[in-house]
Amino acid sequence: MVDEGTPTYEDSDASIDERVTALLERMTLAEKTGQLTGVFSSDARADPYGSHTLKDLESLVRERGIGWVTPFATGFSRHNSPAVVPRIANRLQRIAREETRLGIPLLVPVDAVHGHANVAGATVFPHNLGMAATWSPDLVRRAARVTATEMRATGATVNYSPNADVAREPRWGRTYETYGEAAHLVGDLASAEIEGLQGGDGAGLADPTAVAATAKHFPAYSTPRRGEDAAPNDVSMSTLRRVFVPPFERAIDAGATAVMPSYSSVDGEPIHGSRRFLTGLLREDLGFDGLVLSDWHGVAFLHGQHGTAPSLRDAVDQATRAGLDVASIGGREYADLLVDLVEDGAIDEARLDESVRRVLELKFRLGLFDDPYVNPSEGRTVVGRDAHRDLSLACARESIVLLQNDGETLPFGDGVDELLVTGPNADSLDALCGGWTVAGLSADHGTTVRDGLETVTDAATTVEFERGASIGATTDSDLDAAADAASTADAAVVALGENWYVHEFGPESVTGPTDEFPTRSRLELPRAQTRLLERVAETGTPTALVVVAGRPVAIPEESRLADAVVMGFYPGYEGGRAIADVLVGETNPAGRLPISMPKSVGHLPTVHDHAPSPRPLGEDAHPPAYDPLFAFGHGLSYTEFEYESISCATDRLDPADDLEVSVTVANRGDRAGTEVVQVYLRDVVSSRVTPVRELVGFERLSIEPGERRDATVTLTPSDLGVVHSDGTTAVEPGRFEVTSGGRSLEFTVTD
């Protein structure tokens, strides 16, 4: 029974709407603005916009009523032990509930972009580009469930994920955070991640292991000029609507709680201050009614970087009018400026009430008013538990892409008695994980490539290790040692690529100097790495190149030198074992590229769905418009698949109808394997220039030797429509071509 003196907002029997309304009516202006800003703790690196100790956070919650707190924001904090972070979260929640006037609990957001990886010992999955290489919404959904479960065990309630950006500029340092270059693939996987994060079995956010998902970075962030993080994105409105907006539509349909704007400007408007994009496009056109959360310094950048606001006060005004709800790390200054703007009459308090209502509603939906605390012991028992790590290994295995296998070099057979493992990424756990991960952990947190090969090879096989080179440097003695070892080995594995980095390829302090690699200016590997591979290959020993990177690096020379090439997009703590399983044949590789691999930086842009263009001097006078080293969707297997047929129910279609396309694939090899059936569409004649082909569907098929199976993809009017600059889509009469695995068919849309 509820005590008659209990306020309605504390009555768990009342509806959420009743509780929110009752609480909002009690709140002062200062309390409202406190709910619209957050703070974070960062005690290991300087931040130009200010950082706070944990004691600072406690004071801001107690004295200013700050409603969002990130006490373990990054992998650099010393407060990232799974035994410590739940206690920190509980301490802050206790202050909010017991030492503030209204007792409003906190939201605790984190960047758990490939597992709860900023907490030591958490389950770390392949980064999104690696998860995209699985082409498996089911694996993405299951990984997100694990991530949410580990987050809630440590007191975190909001994930700044998924990344719904479509990667069109591989020089960009955040490419690995995306699900690749195809809007359809990104939309499928981002929506699957949202479903996993926000609860299982239909319970939604009421599930005690659910967290709120944030689709980012709306509406276009991933094609910055020069590849420079947060640089302007100069895209046409039709391209914006065709390529970059659809994954956010899918995210909204999947129930994303929040959307985060891009740091960038589009068409001259910085998104954090653009009513056109945040209210017009996001809320009115796409129908989003959830929270809009700023990226880290997004509001401050309107004044300090974009130059559209003459002061921080004006930046706060601009962002609020645009439709922003919460400044993720605005702190006391942001909250106080909001108070001033309302008291001066610049912003109507009713506008703030809209945002506060959204914040409070989320806190009620997550059950935080009823119980905001976590059992501290669960941090140790839930985070990184064996079942979670088993799933991480399964994801990593499915994410590995076999790019090249000359002479069936792989898998290594029983005749390999001595195996050389060399290269800067052969014995590095940090390199397997990439950014947004606790760095510098001991080897028992995961398996390196060297560890994995020592585990999967039998007792009769000797695994010898020579580092050979660093990421960007080597010595003659290093090369000589590697070459000498290769000359007596039966096979060699050379692990090259990129190391740990965040955003613009830093900070160097985490893993040491990078010798100016990786950088935005190059996708080619440093000469030191190539020279190591060259010396090993010169011995004539069968050589497998393993590339570990966050982007599609350009490796034309390296692929010529190596007999086989395996790609891992930051496969996580279990990545070394996964790569080893592929190399020795314990796993039949099923990964497929979610992004094109160019031959060089000079070949950019390299995307499968490019627009056709004239050839005034004839086809022979121009290189192919799409000429990657390895194409989008490419990936080899240890078995042989044959695409037998492609068919559809009709060759004439009404513009409003769906169309089912069926593809039959047979396994002609002698071992079971998984094929990713990819279906592409071309509008043969249209009123606007449309892509030469565009991914419109896919299905993973597990096929036994001698078996054939069918994949079915349903084309909808939205797949067929021509996208106009105003966002409208029209299905035009005429011929369309569908292709899959070298098979094709045509159908006609009637008037």
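On a predicted model such as this, the values are computed, not experimentally measured, just so you know. (Residues numbered from 1 in each chain as written. Predicted model: local features only at pLDDT ≥ 70, side-chain atom pairs only at ≥ 80, totals over all residues. Heavy atoms only, no water.)

1. Re the overall build of the protein
Applicable threshold: Runs of E in the DSSP output that reach at least two residues are strands. Runs of H or I that reach at least four are helices, and both are numbered from the N terminus. For the radius of gyration, the atoms used are the C-alpha atoms, and the globule rule reads 2.2 Å times the number of residues raised to 0.38. Contacts are assigned to residue pairs that have any heavy atoms within 4.5 Å of one another.
When you go through the protein residue by residue, the secondary structure sums to 24 helices and 25 strands. Rg of the C-alpha trace for the protein: 26 Å, near the compact-globule value of 27 Å for 751 residues, within the 12% margin. Expressed as lengths along the three principal axes of its C-alpha atoms, the size of the protein is roughly 80 × 65 × 50 Å. For the protein, the share of sequence-separated contacts (at least 6 apart) that also reach a separation of at least 24 residues comes to 76%.

2. Observations regarding the packing of aromatic side chains
The cut-off we apply is this: We call Phe, Tyr and Trp rings a pair once their centres come within 6.5 Å, taking the six-membered ring for Trp, and we label the pair stacked below 30 degrees between planes, edge-to-face above 60, and tilted otherwise. For each residue, the accessible area found with a 1.4 Å probe, counting protein chains only, is set against the maximum for its type, and the residue is called buried under 20%, exposed over 50%, and partly exposed in between. The rule for a charge over a ring is simple: NZ of Lys or CZ of Arg within 6 Å of the ring centre, and within 35 degrees of the ring normal.
Across all of its chains, the model carries 15 aromatic pairs by this definition. With 5.3 Å between their ring centres and 85° between their planes, Phe 218 and Phe 248 make a pair best called edge-to-face. Here Phe 218 is found in strand β5 (residues 212-218), whereas its partner Phe 248 is found in helix α9 (residues 246-253), with 30 residues between them in sequence. A single burial state applies to Phe 218 and to Phe 248, both of which are buried. Site record: aromatic cluster; members linked through ring pairs are Trp 172, Tyr 221, Tyr 263 and Phe 301. The ring centre of Tyr 373 lies 4.8 Å from the NZ or CZ of Arg 94, which sits over that ring.

3. A closer look at the confidence of the model for the protein
Here is the rule we go by: Along the chain, pLDDT gives the predictor's confidence residue by residue, from 0 to 100.
Mean pLDDT over the protein: 94, with 96% of residues reaching 70 or higher. Low confidence marks residues 509-514, where pLDDT is under 50. Its contacts with residues over four positions away, or in another chain, come to ten contacts.

4. A few points about the sheet that holds strand β17 (residues 652-653)
Defined as follows: Whether two strands pair depends on DSSP finding at least two bridges between them.
The five strands are arranged β17-β25-β24-β19-β20 in an open sheet whose pairing can be described as mixed. Each having just a single partner strand, β17 and β20 (694-703) make up the two edges of the open sheet.

5. Quick notes on the packing of helix α3 (residues 54-64) against helix α4 (residues 85-98)
For clarity, the cut-off: Lines fitted to the C-alpha atoms define the axes, with helices restricted to the stretch that makes contact. Angles between their N-to-C directions range from 0 to 180 degrees. Each angle receives one of four descriptions, namely roughly parallel if under 35 degrees, roughly antiparallel if over 145, roughly perpendicular if within 65 to 115, and oblique otherwise. The hand of a helix crossing depends on one turn: near helix anticlockwise from the far one by less than a right angle means left-handed, and clockwise means right-handed.
Where α3 contacts α4, the axes come no closer than 8 Å and their chain directions differ by 25°. By the angle between their axes, α3 is roughly parallel relative to α4. The interaxial crossing formed by α3 with α4 has right-handed handedness. Where α3 abuts α4, its residues Leu 54, Leu 57, Glu 58, Val 61 and Arg 62 lie against Ile 88, Arg 91, Leu 92, Ile 95 and Ala 96.

6. Some remarks on the pattern of salt bridges
Going by this rule: Salt-bridge detection follows one rule: a side-chain nitrogen of Lys or Arg within 4 Å of a carboxyl oxygen of Asp or Glu.
As enumerated under the stated definition, the model contains 49 salt bridges in all. A salt bridge links Glu 454 to Arg 450, with the nearest nitrogen and oxygen atoms 3.5 Å apart. With Glu 454 and Arg 450 both in helix α18 (residues 449-456) and four residues apart, the pair spans about one turn of that helix. Its relative accessible area of 39% is what places Glu 454 among the partly exposed residues.

7. Points about the sheet that holds strand β18 (residues 659-667)
One open sheet accounts for three strands, arranged β16-β18-β21; its pairing is antiparallel. Of all strands in the sheet, those with a lone pairing partner are β16 (641-648) and β21 (708-715), marking the two edges. For this sheet, the mean angle separating the axes of adjacent strands, direction not counted, is 20°. When β16 meets β18, the two strands line up antiparallel, connected through seven bridges. Considered in β18, the bridge of Phe 641 is made with Asn 667.

8. Structural notes on α4
To keep things clear, this is the line we draw: By this rule, a helix spans an expected 1.5 Å times one less than how many residues it contains.
In this model α4 runs 20 Å from its N-terminal to its C-terminal C-alpha over 14 residues, within 8% of the 20 Å that 1.5 Å per residue would give. Within α4, ten of the 14 residues are buried, which leaves it mostly tucked inside the rest of the structure. Within the span of α4, buried status applies to Val 85, Pro 86, Ile 88, Ala 89, Asn 90, Leu 92, Gln 93, Ile 95, Ala 96 and Arg 97. The secondary structure elements touched by the buried residues of α4 are α3, β2 (68-70), α6 (137-153) and α15 (376-382).

9. Some words on the nonpolar core
Here is the rule we go by: Here, the term nonpolar core denotes a set of buried Ala, Val, Leu, Ile, Met, Phe, Trp, Tyr and Cys residues that are joined through side-chain atoms within 4.5 Å.
Of all hydrophobic cores here, the largest spans 119 residues; its most connected members are Leu 23 and Leu 240. A total of eight residues in this core trace back to one element, the largest contributor, which is helix α7 (residues 183-197). Leaving out residues up to four positions away in the same chain, Leu 23 has contacts with Tyr 9, Leu 102, Ile 104, Leu 360, Phe 364 and Phe 369. Counting 45 residues, the second largest nonpolar core, distinct from the first, contains Val 416, Leu 429, Val 438 and Val 493.

10. Re a negative patch on the surface
Rules: Like-charged residues within 9 Å of one another, or nonpolar side chains (Val, Leu, Ile, Met, Phe, Trp, Tyr) within 5 Å, are grouped into patches, provided each residue has over 30% relative accessible area and no salt bridge. Using a 1.4 Å probe, accessible areas were evaluated by the Shrake-Rupley method; residue-level cover was limited to the displayed protein chains. Charged-residue counts in this description rest on Lys and Arg as positive and Asp and Glu as negative, His and the chain ends being excluded. Where a charge lies is defined by one atom per residue type: Lys uses NZ, Arg uses CZ, Asp uses CG and Glu uses CD.
Taken together, the side chains of Asp 414, Asp 417, Asp 458 and Asp 490 present a region of like negative charge at the surface. Note on placement: Asp 417 falls in the loop between β10 (401-405) and β11 (418-422).

11. Some thoughts on the pairing of β18
When you tally the buried positions in β18, you get seven out of nine residues, the bulk of the element. Where β18 and β21 come together, eight bridges link them in antiparallel fashion. Bridge pairing links Thr 664 to Asp 710 in β21.

12. Focus: α18
Note the following rule: Regarding the arc, it is the one traced by the directions from the helix axis to the C-beta atoms.
Looking at α18, one finds that the buried residues are Val 449, Gly 452, Leu 453 and Val 456. Here the buried residues of α18 occupy an arc of 95° about the axis, which is enough to place them on one side. Residues of α18 that are buried in the fold lie against β11, α17 (429-433), β12 (462-466), β13 (491-497) and α23 (575-584).

13. Description of the environment of His 127
Which entries qualify depends on this criterion: Polar contact is defined as a pair of N or O atoms within 3.5 Å, subject to the rule that within protein one atom must be able to donate a hydrogen and the other to accept it, and that residues adjacent in sequence are counted only when both atoms are side-chain atoms.
Structurally, His 127 is set in the loop between β3 (109-110) and α5 (128-133). Judged by its relative accessible area of 1%, His 127 falls in the buried class. Along the sequence, His 127 and Val 738 sit 611 residues apart, while their C-alpha atoms lie 31 Å from each other. Once you skip the residues sitting within four places of it in the chain, His 127 turns out to touch Val 113, His 114, Tyr 176, Cys 433, Gly 434, Gly 435, Trp 436, Thr 437, Phe 569 and Tyr 570. At 3.3 Å, the side chain of His 127 forms a polar contact with the side chain of His 114.

14. Here's the deal with unusual backbone geometry
A cis geometry characterises the amide bond from Ser 161 onward to Pro 162, with omega recorded as 15°. Along the chain, the position of Pro 162 falls in the loop between β4 (158-159) and α7. Of note, the bond from Lys 216 into His 217 is cis; its omega dihedral lies within 30 degrees of zero at 0°. Position of His 217 among the secondary structure elements: in strand β5. Of note, Arg 226 is a non-glycine position whose phi angle comes to about 65°, a positive value. Mapped onto the elements, Arg 226 comes out in the loop between β5 and α8 (237-244). On the basis of relative accessibility, which here comes to 42%, the residue Arg 226 falls in the partly exposed class. A positive phi is found at Trp 436, a non-glycine position, where the angle reads about 60°. In this fold, Trp 436 is placed in the loop between α17 and α18. The class for Trp 436 is buried, based on a relative accessible area of 13%.

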